[in-house]
Amino acid sequence: MASYSFLGVTVSFIFIITYAFANDTLHFPKDFLLGTATASYQIEGAWNESGKGESIWDEYTHNRPNFIRDHSTGDVACDSYHKYKEDVQLLSNLKVDFYRFSISWPRVLPTGYANVINREGINYYKNLINELLAKGIEPFVTLYHWDHPEIFEKMGGWTNEMMVEWISDYARVIFKELGPKVKYFITINEAAVFCDEGYGRNDKAPGKNLGSTGKYLCMHNALKAHAKIYHIYDEEFRKPGDKIGIDAACSGAIAKHLNDTTAIDLHFQFHCGWAVHPIFSKTGDYPEVMKTHIAENSRLDGYPRSLLPKFSPTWVNYIKGTSDFFALNHYTSVRVETVPREEGQRWYQFSGVKESLDPSWPGSASSWLKVVPQGFREIINKIAKEYDNPPLYIMENGFSDECCTSDHSRISYLHSYIKAMLLAIYEDGCNVKGYTIWSFLDNFEWLAGYTERFGLVYVNFTDSQRTRTPKLSFNWYKHIIETRKLTSTFDSPTVINVA
Ligand code: NOJ
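Throughout this description, residue numbers start from 1 for each chain and increase along the sequence as written. Residue-level local features of this predicted model are given only where pLDDT is at least 70; pairs of side-chain atoms are given and counted only at 80 or more, and the full residue set underlies all totals for whole chains, interfaces and linings. In computing side-chain properties, one takes all heavy atoms of the structure into account and sets aside hydrogens as well as water.

**Q** Could you clarify how one ought to interpret the sheet that holds strand β12 (residues 432-438) in this entry?
**A** Backbone-to-backbone hydrogen bonds pair the strands of a sheet. The strands run either parallel or antiparallel. Read around the closed barrel, the eight strands follow the order β2-β3-β4-β5-β6-β8-β11-β12; overall the barrel is parallel. Sheet twist, expressed as the mean angle between neighbouring strand axes with direction ignored, is 25 degrees. Any two strands with at least two DSSP-identified bridges between them are counted as paired. Only DSSP runs of H or I with at least four residues qualify as helices, and only runs of E with at least two residues qualify as strands; both kinds are numbered from the N terminus onward. Summarising the sheet, strand β3 (residues 98-102) and strand β4 (residues 138-144) pair through five bridges and their orientation is parallel. Among the inter-strand pairings, R100 is bridged to a residue of β4, identified as F140. Contacts: residue pairs with any heavy atoms within 4.5 Å of one another. To get an axis, a line is fitted to the C-alpha atoms, and for a helix only the part in contact is used. The angle between two axes follows their N-to-C directions and goes from 0 to 180 degrees. Contacting β4, β5 (184-189) and β6 (243-249), helix α9 (residues 191-200) crosses the sheet at an angle of about 20 degrees to β5.

**Q** In this structure, what is going on with the environment of D324? I would like to understand it.
**A** Mapping D324 onto the fold places it in the loop between α13 (313-319) and β8 (326-329). We classify D324 as partly exposed; its relative accessible area is 22%. In this structure the C-alpha to C-alpha distance between D324 and L392, which are 68 residues apart in sequence, comes to 9.5 Å. In this structure, D324 is in contact with Y230, R238, D242, K243, I244, G245 and P391, ignoring residues within four places of it in sequence. We call two N or O atoms a polar contact when they sit within 3.5 Å, provided that within protein one can donate a hydrogen and the other can accept it, with sequence-adjacent residues counted only if both atoms are side-chain atoms. Of note is the side chain of D324, whose polar atom sits 2.7 Å from the side chain of Y230. Summary of the burial criterion: residues with accessible area below 20% of their type's maximum are buried, those above 50% are exposed, and those between are partly exposed, where the area comes from a 1.4 Å probe applied to protein chains only.

**Q** Where do I start with the packing of aromatic side chains in this structure?
**A** For any pair of aromatic rings, the description rests on two quantities: the centre-to-centre distance and the angle between the ring planes. In summary, the pairing rule links any two rings of Phe, Tyr or Trp, Trp by its six-membered ring, whose centres are within 6.5 Å, and it sorts them by plane angle into stacked for under 30 degrees, edge-to-face for over 60 and tilted for everything else. This model, assessed by the stated rule, comprises 47 aromatic pairs. By the ring-pair criterion, three or more aromatic residues cluster together here, those being Y41, W57, Y60, F67, W146, F444, W446, Y450 and F461. Consider the ring centre and the ring normal. A charge sits over the ring if Lys NZ or Arg CZ is within 6 Å of that centre and within 35 degrees of that normal. In this arrangement the basic side chain of R64 is found over the ring face of F67, its NZ or CZ atom lying 5.9 Å from the centre.

**Q** I'm lost on the environment of T36 in this one. Help?
**A** Its place among the elements puts T36 in strand β2 (residues 33-37). Relative accessible area serves as the criterion here: at 0%, T36 is assigned to the buried category. Sequence spacing of T36 and F98 is 62 residues, and the spatial spacing of their C-alpha atoms is 7.1 Å. Within the structure, T36 has its side chain in polar contact with the backbone oxygen of I437 (distance 2.8 Å).

**Q** When you look at the pattern of salt bridges in this model, what are you seeing that I'm missing?
**A** Salt-bridge detection follows one rule: a side-chain nitrogen of Lys or Arg within 4 Å of a carboxyl oxygen of Asp or Glu. Scanning all chains against the criterion turns up 38 salt bridges. In this structure, R69 engages E452 in a salt bridge whose closest nitrogen and oxygen atoms are separated by 3.0 Å. Linking R69 in the loop between α3 (56-63) and α4 (80-94) with E452 in the loop between β12 and β13 (457-459), this pair joins segments that are 383 residues apart in sequence. We classify R69 as exposed; its relative accessible area is 52%. The salt bridge partner of E138 is K183, with a shortest N-O separation of 3.6 Å. Of the two residues, E138 is situated in strand β4 and K183 in the loop between α8 (163-178) and β5; the sequence distance between them amounts to 45 residues. Taken together, the salt bridges that share partners define one network made up of D196, R201, D203 and K215.

Here's what the structure looks like:
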C-alpha cells in the first residue's frame, strides 16, 4: 500500500478510513471453533484418590513447598475431579464449541506402566467426555500436560529415551479407551517450556536444573515421543475427520532496534522453531541456525561435541510431518536485540539474542505477561510464513489478575488479542481455525500457586466447596460465541448479565 506519489498517499488514506469502518465489527470465519481450556494437575485435585498414582507435580509441591509462592499444592485445586458435572454445566452456559482438558497419566496408569489400568481413572474421563458430548461440546484432549508418573522421573524422566516407549504405551491405552468418542487430540503441551524450566532450570517440576544439556536432551526425547504417538494414532486408531497434533508455546518478538529482523528470527528459531521445525518444516530436523550456533558455541566453550543432540536421518523423516495442525499457545511478547558473544558467558544458552520488556507495555499479575497484541498478529504471520500456512489452532491465550469477578482488564486484553488474530486471518490470509481462552477456571498456576488467576470463572480457594462464580469476562466471551463477532466496544453493558 505504501506509495510516494501524491495519488498513492490519497489512496492509502481512503483505504485506512474504509478499513476502520469495516473493522468496527469483525466476524469469525465460518466453522471457526471457540473454546476454553484447563489441565489436569491445575484443576482436578483428588491427588491420591480412587487409585491415582503420584505425579512429578505431587512430588514437587509436597517436597519443595518453598518453591511455590503461596506454599500451596494441587492436592485439591478446583476439585474438578468431584465437580466435573458442575463444570460442564458452566461450559454449556458459556456455549463453547469445545473444551480442552488434559488426562492425568498417573490417574489412569497408577504404576506409570500400562500393566495396571485404573478403571476409576478411566471412568472419570469417560464420564467427563459423555457429559460434554451430551451438551454438544467437543472434547479436545491433551495427553500430556506436564504431570507424568513420578516413578519415571526417578529414572531420569524426559532425559531418558525410554520415556518415548512409556508415554507411547500410555497413549495407546487412552486411544483405545477414549479415542472412539474423541476427534481432537494434542500429544504434548509446550515441550519447550517444561524442558527449559523443568530440566534446564528449576522453575517447574521436576526442577532438575541441568542447564542446556538437560533441556536439549528433554526436547530430543519429547519430539521422538510425539512422533511415535502420532504414528500409533495414524496407523491404529484414526477415524475419518480426526485430528492430532502437538502444542507449542511461541511468544512474540518485537525488535528493540528498528529493522533488526535477525534478532526476531533468532528468537523465533531458538524458542519456537526448536520445538516445531522438526515437525512442520519441509526439511525437518532442528533449525539450521540453531544447529550451527550451538555447535560453534559448544566448541568455543571446550566441549568435544555440540550440546544439541543430533537426529539420525531416520528420525528426521519419522518426525517430519507428524501433526495435522499447529496448536499455538501465545500470551505475550518480548523485546529482542542481537548481542555479541562475550568471553566466559554461556552465550549459546540464549541464542545471541537479549530479551527485555518494554516498560510502556501494560502488565498483568504475572511478571512475564505484558499486553502486546501486535506481537500475536506477527507470530501468527511468522508461523504461516515459515511453515506454509498450516491450519492453526490457538490453544491457549489469556490474562492473569489477582482478584475479583469484575475483570475489565481481562476483557480488554482478550478483545485486543482476538482482534489481532482476526486481522491476521482477514488482512494477512493466515489459516487460523480455532481459538481457546486460558483458562476456564482460576486454577493452580504452577510456581505462582493460586496467586495468579487466569479464569473466566472465579474459584474461591478458601471455601471447601471451591465455589465457582462466572466473571464479567465469562459473559463477554459468551456474547462473542453467541454472536460470532467481535464489536469495537469491548465492555458493552449488553453483555454484562447473569451467566
Ligand atoms: C501455559 C501452560 O500450558 C498452562 O499450564 C499455564 O497455566 C499457562 N501457560 C499460564 O501460565
